[in-house]
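# Coordinate inspection notes
Read off the chains here:
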Amino acid sequence: MKIAVIGTGYVGLVTGVCLAELGNDVACIDIDEEKIGKLNNGIMPIYEPGLEEMVVRNKASGKLRFTLDIGNSVKEAEVVFICVGTPPKANGEADLSYVENAARTIAEVMDSYKLIVEKSTVPVQTGEMVAKTIKSHNMHNADFDVASNPEFLREGSAVSDFMNPDRIVVGCESQKSRQMMEKLYAPLKAPIIFTDIKSAEIIKHASNSFLATKISFINAIANVCELAGADVEKVAEGMGLDMRIGRQFLNAGIGYGGSCFPKDVDAFIKISEKLGYDFRLLKAVQEINDMQKKHFINKIERALWIVKGKTIGVLGLAFKPNTDDMRLAPSLEIISRLQEEGAIIKAYDPKAMEKSKLELENIDYCDSPYDVAKESDALLILTEWKDFLELDLKKIKHLMRHPLIIDGRNIYSPDVMKKEGFSYISIGRKEVV
Ligand code: UDX
């Protein structure tokens, strides 16, 4: 099928490239000249496993192109995906101005039937507004349908998530659009949930909010475990083996970050409020998430007593492993707070240091975890990169000024750390001092 993808950000790029990989003719459109230029020269704007190879392959075969030309790309397409950003406004609501712009532009140029699919995460009822906007700017009186097809891509495994989804959600309201979406996704052999547009929009917000709730729930349990002297890892294991609960997203830590959960939970609270429902459960989820970072900072302060003048090594900056994304990473708040208190910060992250340099100043960025450990009074684990599991702990201990590890991701076993001679403080487990 001929496809146009408007917006070549994270979602648009992965969607466009994967649809080309499935055999479609795809035009990825953006207004950012530099980005399109770079993509046309094979330079990726983001790091995502498997993406670059796929771009190169599909560009070479002519299935994929990157362009600034929205007019012709939309005219030629049968399906137009809206993948533009929906950033939060100051009050937490989603800013839908880019979506409106895209809808208006599509309406102005389309001169034959188009299926317009909203892929960006949007509040319920956006589909109605998109349809209304298109209707009122439909210059050539072309037929069209609107559908909602939310993405469930995780950063770090977005390509594989697209290619092997648990489910595909499609909200559409005509036989024709349903058949087109069926045809588009047939190669993926995944269950497709067809529903109305509003339910599809809610499925996206409800899914992300539920996952965020699971994380805040286990973080609350971790706090109870600390007070009671229990072990949250064992509790999560015991709970997770119940098929109805499941072990995933029960990893206690320093709270969720990234470009989706904080923004989506906030937007869902706001849209519920507008509809007349006070979503107190989600407000508590947010509150626990904020508290979790503060609680971690308290642990550092308690362990070091005086933070001013101490050298603190940070392992991991990205909001989670396998990505270079720093958006709303817990490391930002934690490091800034320690710097305010006068700490000297050294840091290492396998992928996120370049992006971190744009956000955090006065950090000694190091070439390896061992450089970070050198002369440090404490080592913090803020992202659970696999590399950190394979560290030579004897060497780390030897390099540090004081063998203290404060682990915000529970990557080590307290027993092993005790044997290795570290003071070890983690989340929801007994402290080794
Ligand atoms: C998420 C959703 O998973 C995805 O379906 C949606 O489309 C976009 O948002 P992503 O933001 O890439 O994806 O990250 P995810 O892997 O879900 O992790 C989000 C945050 O939760 C990270 O900060 C992570 O560290 C944290 N997390 C996750 C925990 O603290 N504990 C867990 O058990 C799981």
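One numbering rule holds for all chains: residues counted from 1, following each sequence as written. Where totals are concerned, whole chains, interfaces and linings use all residues; where local detail is concerned, this predicted model gives features only for residues with pLDDT of at least 70, and gives and counts side-chain atom pairs only at 80 or more. Only heavy atoms go into the side-chain values, all of them from the structure, while hydrogens and water stay out.

### Remarks on the side chain of T15
Here is the rule: Secondary structure is summarised from DSSP: a helix means a run of H or I of at least four residues, a strand means a run of E of at least two, and numbering begins at the N terminus for each. Only heavy atoms enter the contact rule, under which two residues are in contact if any of them lie within 4.5 Å.
Considering the arrangement of structural elements, one finds T15 in helix α1 (residues 10–21). Aside from chain neighbours lying at most four places away, what touches T15 is K119 and F162.

### Considering the site of the ligand
This is how the line gets drawn: We call a residue near a molecule or strand as soon as one heavy atom of that residue lies within 4 Å of the molecule or strand. By the criterion applied in these results, polar contacts are pairs of N or O atoms within 3.5 Å in which, for protein atoms, one can donate a hydrogen and the other can accept it, and in which residues neighboring in sequence qualify only through two side-chain atoms. Areas reported as accessible are Shrake-Rupley estimates using a 1.4 Å probe. Residue values count occlusion only from the protein chains shown. Note on residue categories: nonpolar means Ala, Val, Leu, Ile, Met, Phe, Trp, Tyr, Cys or Pro, charged means Asp, Glu, Lys or Arg, and polar means any other residue, Gly included. Note that domain bounds follow an automatic or database assignment of domains.
Inspection of the region around the ligand gives 18 residues, with E155, N251, G257, C260 and K320 positioned closest. Here an oxygen atom of the ligand sits 3.4 Å away from a polar atom, N or O, in the main chain of F152. One of the backbone nitrogen or oxygen atoms of N251 is found 2.9 Å away from an oxygen atom of the ligand. If the ligand stood free it would expose 670 Å²; the protein chains cover 93% of that surface. A total of three residues in the shell around the ligand trace back to one element, the largest contributor, which is helix α9 (residues 197–228). Taken together, the residues of the shell around the ligand sort by class into nine nonpolar, three polar and six charged. Counting only domains with at least three residues in the shell around the ligand, you end up with domain 1 (2–195) and domain 2 (230–433).

### Describing the domain arrangement of the protein chain
Operational definition: We define buried area as the total accessible area lost by two parts upon association, computed with a 1.4 Å probe and summed across both. Whenever a carboxyl oxygen of Asp or Glu lies within 4 Å of a side-chain nitrogen of Lys or Arg, that contact is scored as a salt bridge.
Taken domain by domain, the protein chain consists of domain 1 (2–195) and domain 2 (230–433). A separation of 34 Å is found between the C-alpha centroids of domain 1 and domain 2. Both faces combined, the contact of domain 1 with domain 2 buries some 1,400 Å², and carbon together with sulfur accounts for 54% of it. Considering only the surface of domain 1 that becomes buried against domain 2, Y47, E93 and E155 emerge as the three largest contributors, covering 40% of it. Where domain 1 packs against domain 2, one counts two salt bridges. The salt bridge partner of K274 is E93, with a shortest N-O separation of 3.5 Å. Linking domain 1 with domain 2 are six residue pairs in polar contact (both at pLDDT 80 or more). Of the residues contributing to the side of domain 1 that touches domain 2, the split by class is nine nonpolar, six polar and three charged.

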